[in-house]
Amino acid sequence: MVHPEEVDVIIAGGGPAGCVVAGRLAYADPTLQVMLVEAGANNRDDPWVYRPGIYPRNMQRDGVNDKATFYVDTKQSSFLRGRQSIVPCANILGGGSSINFQMYTRASASDWGVCIGLGASKDDFKTEGWTCKDLHPLMKRLENYQKPCNNDTHGYDGPIAISNGGQITGLAQDFLRAADAIGIPFSDDIQDLTTSHASEIWAKYINRYTGRRSDAATAYVHSVMDVQNNLHLRTNARVSRVIFEGNKAVGLAYVPAKGRTHKNEIKETIVRARKYVVLSSGTLGTPQILERSGVGNAKLLKELDIKVVSDLPGVGEEYQDHYTLLSVFRASNESFTTDDFLRGDKETQERLFAQWETSPEKAVLSSNCIDAGFKIRPTEAELKEMGPEFNELWNRYFKDKPDKPVLFGSIVSGAYADHSLLPPGKYFTMFQYLEYPASRGKIHIQSTNPYKEPFFDSGFMNNKADFAPLRWSYKVNREVARRMDAFRGELTSHHPHFHPASPAATRDIDIKTAKQLLPNSLTVGIHMGTWHRPSEPFDPSKVHEDIKYTEEDDKAIDDWISDHVETTWHSLGTCAMKPREQGGVVDKRLSVFGTQNLKCVDLSICPDNLGTNTYSSALLVGEKGADLIAEELGLKIRVPHAPVPHSPIPSGKPETIPVKR
Ligand SMILES: Cc1cc2nc3c(=O)[nH]c(=O)nc-3n(C[C@H](O)[C@H](O)[C@H](O)COP(=O)(O)OP(=O)(O)OC[C@H]3O[C@@H](n4cnc5c(N)ncnc54)[C@H](O)[C@@H]3O)c2cc1C
C-alpha cells in the first residue's frame, strides 16, 4: 500500500512510548489517520525478538545484528580513567521493548509524586497532573499482570503481559535465602511503588501462556493494524527533522535508514500532519531531531547554520542513566545455568529451542533467567562509611523519601559475558544498578546531516557521590554470592584487582569443582603462586564473616568501577518537563515550548531519575501522552485495547487477554 502524504498525527520513533501513542490514538478513532515512522526494522514475527531467552544476542555488534545503535562517548573521560563508554540504544520497531532484558520493575511513588500508601508528600516531577496518584490508573491500564498478588496496585486487562516466565531457576531461591541472611528480607511484591528494601522473585515482560516477549509494538501497534486500517507504519525510515510553518509543526521529513545513497545525497520524504507531530525517538534520538529542526540552544543552532524556531538551551542536556556493575561467580556443576546454551553447545541449543516450540508455557527460553532481585538502602553504619559526598546526597535526596532504594541487585543464572573469553563451567552473575546517580551527561548534533554521529558525553561518574554507593553495592553483592549454596568461587577477571596479599583478594574456582569439570586435566590445582588462588571447598554449614576491606582495597574497587561501570540502558532526561527558565523543554502537556502542535512523548521528558528498569515508565509516559493528545482531539481512549496478536501461537493456546465483546 502506498503511504499517505498527509495524516492527522505523525509519530517519530516506534519505541514503547511511540507505540502506545500511535496504537491508543488510532484505536480511539478509526477515522483518525495516524502514521508511525521508525528508523529500525519491523519486529513482527521476528523469532530473534519474541523468544525471550535469546536476549543477550541483541547486544552483539557484529555488523549483521543491527537492532541497536551504539552511542560512544565522543571524548575520553577522566572520570573513567580515560575510557569512552558505550550506550547501546534500540533501533527496531518496539524500541527497547524488542531487545531489552524484559525485567519488570516500577518506579517509586515519590519519583512521580505523592501516592497511595506513602505518608509524606514528595514530588520529584513537580508537575501538575504527573503525581503518582494521577498516573496510577494508567499504570494499571497498561498491565496484564499474570502473577499472584496481594495488593491492588497492578492491572489485569492491559496489553502488556507480566509474569514469572516459563521457569524459575534454583539459583534464584538460593540467592533469596542468602540475601535474607545479610538483612534483605523476602517480599511477595517489591513493585508495589513503596517498598525500598526487600527481595523478590523478579517478574518479566513475558506472556506466561505463549512464552513470548511482551513488546510494545505487538501490544499496541500490530494489534490495531490487525483490525483497523488507519494506522500507517513506515519502518527503516529515519526522521531527519520537523517541518515548521513559523513555529507550527506541520509535518516530518525522513530519510532512508542507512546513508548509502549516490554521492551521499540526503533523500528526504515529507509527510504532513494536520494536527500533531509527536517526537518519540527516545532520550538520545529526540533531542537530535529537535536540534536539526531549529529547536535547541540558539548558539549551537546558529553555529550549524540552522534557523532558530525556539531557543531552548535545555535540549540534549541533563542526560541520565542508571549505572551497572556486574560481577561473575562460579556456580556448582549441579546448578542449572544458561551457560551451555549461550556458549553455543549444539545439543543444548537444539533441545532448548525445541522445548520452546513445543511447550513455550514452561520452557527455559520463555524466561530471561533473571529470576530474583532486590532493592536496598544502606544502614546507618554503612552510611558512615560512604563519605561526605554521598552523605550530602543522601540527606538531600533519599533520607526523607523512604520509598526510594539506592540500589537494585539481581541474579542472572549464567554469565552475562562473552563466553569465548570464559573458562569452561557454570556461572551466575550479580547485576547491580545505581538507581539515582548524581552524574549528568549530554548529547548534541554536530551537523545537520542526519547520518552524522552526534557529540555524546555519557557523563558517567562525573559526580564523586556516585562512587561510594557502587563500592557498597559490590561488597553487598559479594556477601550475598558467598553465602549461596551454589557458590564455588569468583571469576577473578570479573572482579576488582585487589592486592594478592589482601584478605579481600578474590578466589577462583575450588579444586574439587574444577576436577569435576576437567577430570583428565594434568594442571588442575598445580602450584602457580599468585596465579592460582582457589576457593575453599564447599561447606554447607560454614558460618560466614563479612570481608573486611582496607583503604587500598576500596581504591581497587573504585578503579574497577571507573574501568567497568556501564550503562543500564535506561537513558532519560534530555528534553525535560520543567519550567522553561530552568532549562525545561516541554510543559505539563508535553508540548515543546515556543512551538505549536509539537509534542515530545518518551523518556527524554523526565525531569529527574526514576528508580526502575525503565520500560514500565516509557509505557506510562506513552499512556499519559496518548491521554493528553486524545483530550485535545476530543477523543476517548478505548479500553481494553485491541486484542494482542500472538500468531502463530506455538502451543495452540489462545491470546491471554479475554476480550469481551
Ligand atoms: C539493551 C537494553 C536492555 C534493557 N533492559 C530493560 C529491562 O530489562 N527492563 C526494563 O524495564 N527496561 C529495559 N531497558 C530500557 C527500556 O527498554 C527503555 O527505557 C525504553 O525502551 C525507552 O522507551 P522510549 O520509548 O523512551 O525510547 P526507545 O525505546 O529508545 O525507542 C525509541 C525509538 O525511536 C527510534 N528512533 C530513534 N531515532 C529515530 C529517528 N531519527 N527516526 C525514527 N525513529 C527513530 C528508535 O529506533 C527506537 O525504536 C533496556 C533497554 C535496552 C536498550
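Residues numbered from 1 in each chain as written. Predicted model: local features only at pLDDT ≥ 70, side-chain atom pairs only at ≥ 80, totals over all residues. Heavy atoms only, no water.

## What about the overall build of the protein?
Phase 1 of the analysis: On a plain count of helices and strands, the protein comes out with 17 helices and 22 strands.
Phase 2 of the analysis: Here the C-alpha coordinates of the protein stretch approximately 75 × 60 × 55 Å along the principal axes.
Phase 3 of the analysis: Split into buried and exposed, the 661 residues of the protein put 61% on the buried side.
Phase 4 of the analysis: When contacts within the protein are restricted to residue pairs at least 6 apart in sequence, those whose partners lie at least 24 apart make up 73%.
Phase 5 of the analysis: Here the protein has roughly 26,000 Å² of accessible surface; of this, 51% comes from carbon and sulfur atoms.
Phase 6 of the analysis: With 77 positive and 83 negative side-chain charges, the protein shows a separation of 3 Å between the mean positions of the two kinds. (Helix = DSSP H or I, 4+ residues; strand = E, 2+ residues; numbered from the N terminus. Buried < 20%, exposed > 50% of the residue type's maximum accessible area, 1.4 Å probe, protein only. Contact = heavy atoms within 4.5 Å. Areas by Shrake-Rupley, 256 points an atom, 1.4 Å probe, with all protein chains shown as cover. Lys, Arg positive; Asp, Glu negative; His and termini not counted. Charge placed at Lys NZ, Arg CZ, Asp CG, Glu CD.)

## Digging into the UniProt feature "domain: Glucose-methanol-choline oxidoreductase N-terminal" (unreviewed entry) in the protein
Phase 1 of the analysis: Look at the UniProt record and you will see "domain: Glucose-methanol-choline oxidoreductase N-terminal" (unreviewed entry) annotated at residues 282-296.
Phase 2 of the analysis: What you have in residues 282-296 is 73% helix and 13% strand, and the ends, taken at the C-alpha atoms, are 16 Å apart. (UniProt positions renumbered as here; feature names shortened; annotations may be inferred.)

## A short note on helix 6 (residues 170-181)
Phase 1 of the analysis: The end-to-end C-alpha separation of helix 6 is 17 Å, in line with the 16 Å expected for 12 residues at 1.5 Å each.
Phase 2 of the analysis: For helix 6, every residue scored as buried is listed here: Leu171, Ala172, Asp174, Phe175, Leu176, Ala178 and Ala179.
Phase 3 of the analysis: Looking at the buried positions of helix 6, the neighbouring elements they touch are strand 7 (198-201), strand 15 (372-376), strand 16 (407-412), strand 17 (426-434) and helix 14 (467-482).
Phase 4 of the analysis: A positive backbone phi angle near 95 degrees is found at Gly183, which sits one or two residues after helix 6. (Expected span 1.5 Å × (residues − 1).)

## Focus: the environment of Asp305
Phase 1 of the analysis: Mapped onto the elements of the fold, Asp305 is located in the loop between helix 9 (298-303) and strand 13 (310-311).
Phase 2 of the analysis: Sequence separation between Asp305 and Gly294 is 11 residues; the distance between their C-alpha atoms is 9.5 Å.

## Some words on the site of the ligand
Phase 1 of the analysis: Around the ligand sit 37 residues, and of these Glu38, Gly96, Met103, Val239 and Thr614 come closest.
Phase 2 of the analysis: Interatomic distance of 2.8 Å between a backbone N/O atom of Met103 and a nitrogen atom of the ligand.
Phase 3 of the analysis: Within the backbone of Tyr615, a nitrogen or oxygen atom sits 2.9 Å from an oxygen atom of the ligand.
Phase 4 of the analysis: About the coverage of the ligand: the protein hides 94% of its 1,000 Å² of free accessible area.
Phase 5 of the analysis: Secondary-structure elements contributing two or more residues to the shell around the ligand are helix 1 (16-28), strand 4 (86-90), helix 3 (96-99), strand 9 (237-245), helix 8 (282-292) and helix 17 (615-633). (Near = heavy atom within 4 Å. Polar contact = N/O pair within 3.5 Å; in protein donor to acceptor, adjacent residues only side chain to side chain.)

## Digging into empty space enclosed by the protein
Phase 1 of the analysis: One pass over the structure, following the stated rule, counts three cavities of 30 Å³ or more.
Phase 2 of the analysis: Approximately 90 Å³ is the volume found for the second largest cavity.
Phase 3 of the analysis: Among the residues making up the lining of the second largest cavity, the classes are represented as eight nonpolar, four polar and no charged. (1 Å grid on protein atoms, 1.4 Å probe; cavity = no way out; pocket = protein on both sides within 12 Å on 5 of 7 lines; lining within 4 Å. Points joined across faces, edges and corners; volume = space filled by probe spheres on them. Nonpolar A, V, L, I, M, F, W, Y, C, P; charged D, E, K, R; others polar.)

## Section: the UniProt feature "binding site: FAD" (unreviewed entry) in the protein
Phase 1 of the analysis: UniProt annotation of "binding site: FAD" (unreviewed entry) refers to Val239, Trp569 and His570 when read in the numbering used here. From the list above, the second largest pocket is lined by Trp569.
Phase 2 of the analysis: You can see Val239 is positioned in strand 9.
Phase 3 of the analysis: Given a relative accessible area of 6%, Val239 falls into the buried group.
Phase 4 of the analysis: Here Val239 is in contact with Ala12, Val37, Leu252, Ala253, Tyr254, Ile289 and Arg292, once residues within four sequence places are set aside.
Phase 5 of the analysis: Within the element layout of this structure, His570 appears in the loop between strand 21 (566-567) and strand 22 (598-600).
Phase 6 of the analysis: Taking the relative accessible area as the measure of exposure, His570 reaches 8% and is therefore buried.

## A few points about the side chain of Asp215
Phase 1 of the analysis: Note that Asp215 resides in the loop between strand 7 and helix 7 (216-225).
Phase 2 of the analysis: No salt bridge is formed by the buried Asp215; the nearest opposite charge belongs to Arg213, separated by 6.3 Å.
Phase 3 of the analysis: Within the structure, the side chain of Asp215 is placed 2.8 Å from the side chain of Asn43, a separation counted as a polar contact.
Phase 4 of the analysis: Here Ala217 takes part through its backbone nitrogen, which lies 3.0 Å from a polar atom of the side chain of Asp215.
Phase 5 of the analysis: Setting aside anything within four residues of it in sequence, one finds Asp215 in contact with Asn43, Ser97, Ser98, Ile160 and Tyr615. (Salt bridge = Lys/Arg side-chain N within 4 Å of Asp/Glu carboxyl O.)

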